[in-house]
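A structural walkthrough
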Amino acid sequence: MLALVDGNNFYVSCERVFRPSLEGRPVVVLSNNDGCAIARSNEAKALGIGMADPWFQWRHLEEEAGVVVLSANFVLYGDMSDRFMTLAAGLGPAQEIYSIDECFIDLAGVRGDLVARSHKVRDRIHRWIGIPTCIGIAPTKTLAKLANHVAKDAERKPGSYPAELARVCHLGALDAAARDAILQATPVTDVWGVGRRQGAKLRAGQVHTALDLARANAAAIRAQFGVVMERTVRELQGTSCISLDDAPPPQQQVACTRSFGHTIATLPPLVEAVSEFATRAAEKLRRQGSLAGRVMVFAHTSPHRHGPQWARSTVQPLRRPTDDTTALIHAAQAGMRAIYEAGYDLVKAGVMLLDLQPGTQHQNELDLEPEEDGSSSPARDRSALMAAMDKVNEKYGKGTLHSGSTGGAGKNRVWTMRADRRTPCYTTRWEDMPVVRA
DNA sequence: TCTGGGGTCCTAGGACCC
DNA sequence: TCTGGGGTCCTAGGACCC
């Protein structure tokens, strides 16, 4: 048996811990540039605000309904997540952290009343860190996700599911008729693994509910929808196809991508932006202890606007796998120069580091030994510099120290101190910043 | 006017090899 | 005229998740 423990409206709940006055009020947390709603309180959901809805469509509710709007604070959410995961791990012998706000727990070997035990863990999480959670229990991951959905809706929308399933829902403890009734009451698009596209296709084939999908012929589903959907069907039938992964391998790619908040049509700010993205991505890379073999760069126009569309990407191989910020910036800049074309209003760009492998720069460098005169090697200097920058940026905030990129690729390299950390880095006018020599 | 960011997995098709 | 079959690797694109 598996449990899925999921923090309710996680980012909003984190904010409420430190601002209790937000309790009971409609609250949303917005993405980068205050573009989209990425978390909503129950009160905000009740107003109709959807996940990832562009905020300009709902801005009027700030006045009309007193919606409280917050910019995301991911450092805070990450910290709360760590505490949340530690407490949730107490539910069973193994844990898979699935996202910032949810984890699967293996309940194999856990004796006693699983529902009572789950309520205890819920209460502990709420008392100790202030985050409300729901827990779904079932024999497979897909069913545990569904049980969690039931636990949430039974609490949030009275009447949608039996009230006794609110907060903790153990599907495995129900008899077949009761379980089928739950699946019958669940739209197929609420099933984990069924998105908008496949959901529409399923409905066109008269598969409307989770029960319809559970009773579908797995082979026929595979032929029409592929192996992923076939697994979903089997999981709904109670056959576990997706195992618990309590030691996931390191990520296969690392990305930093951003919308600009305004359009960019010329090369210099694009080059600056991808330099910044490469810097952020390199930090993540070093944190994870990996080296990248290739760098992908992309930029595109807004798909939401009329007018000429443009989107391009390119992959730059590196001479050797590296985690060195300077090398990654150079590759990103070269890529952007190669794909850039004048005449388009670009709204987003990004850098992705590919072909990751374990290791750190100095392990991979041949010239790590000190020079004969006792001075240190360039590779070791760079490695130490990267580590020092990571420490400063961790302590004083992202982008406090970064590699200057405006003076041409590496020609007059300087280290600049950010003038104003409240401004998103990609809209800061870097040429206005004071220069501090390292 | 204003539309997130960071991931995963699967599939199809082309190039290449023997 | 008639043009194999099987394998690998790579890439692009689609679909999904939170």
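Now for a description of the structure that goes with this document.

Right, let's get into the protein's contact with DNA strand B. Taken together, 23 residues are adjacent to DNA strand B, and Ser31, Asn32, Ala255, Thr257 and Arg305 come closest. In DNA strand B, atoms within 4 Å of the protein come from the sugar-phosphate backbone in 65% of cases. Contact between DNA strand B and Gln251: a phosphate oxygen at 3.1 Å from a side-chain N or O atom of the residue. Between a phosphate oxygen of DNA strand B and a main-chain N or O atom of Ser259, the distance comes to 2.9 Å. Those elements that place two or more of their residues in the surface near DNA strand B are helix H11 (227–236) and strand E9 (254–264). Here the surface near DNA strand B takes six residues from E9, the largest share from any one element. Grouping the amino acids of the surface near DNA strand B by side-chain chemistry returns ten nonpolar, eight polar and five charged.

Attention now moves to the packing of helix H6 (residues 141–156) against H11. For the pair H6 and H11, interaxial distance at closest approach is 7 Å and the crossing angle is 70 degrees. Of the possible angle classes, the one that applies to H6 and H11 is roughly perpendicular. Here Lys141, Thr142, Leu143 and Leu146 of H6 lie close against H11, whose contacting residues are Thr232, Glu235 and Leu236. A breakdown of the residues in the contact of H6 with H11 according to their chemical character gives three nonpolar, two polar and two charged.

The next subject is the protein's contact with DNA strand C. Taken together, 14 residues sit near DNA strand C, with Ser99, Lys145, Gly193, Gly195 and Gln198 positioned nearest. Taking the atoms of DNA strand C that fall within 4 Å of the protein, sugar and phosphate contribute 100% of them. Take Gly193: an N or O atom from its main chain is 2.6 Å from a phosphate oxygen of DNA strand C. A distance of 2.8 Å is found between a phosphate oxygen of DNA strand C and a backbone nitrogen or oxygen belonging to Gln198. Residues belonging to the surface near DNA strand C are distributed by class as follows: four nonpolar, four polar and six charged.

What counts as what
- Residues numbered from 1 in each chain as written.
- Chains lettered and ligands numbered in written order.
- Predicted model: local features only at pLDDT ≥ 70, side-chain atom pairs only at ≥ 80, totals over all residues.
- Heavy atoms only, no water.
- Near = heavy atom within 4 Å.
- Polar contact = N/O pair within 3.5 Å; in protein donor to acceptor, adjacent residues only side chain to side chain.
- Helix = DSSP H or I, 4+ residues; strand = E, 2+ residues; numbered from the N terminus.
- Nonpolar A, V, L, I, M, F, W, Y, C, P; charged D, E, K, R; others polar.
- Axes fitted to C-alpha atoms, helices over the stretch in contact; angles between N-to-C directions.
- Parallel < 35°, antiparallel > 145°, perpendicular 65-115°, else oblique.
- Contact = heavy atoms within 4.5 Å.

Honestly, that's just the spatial picture; any functional story needs more than this.
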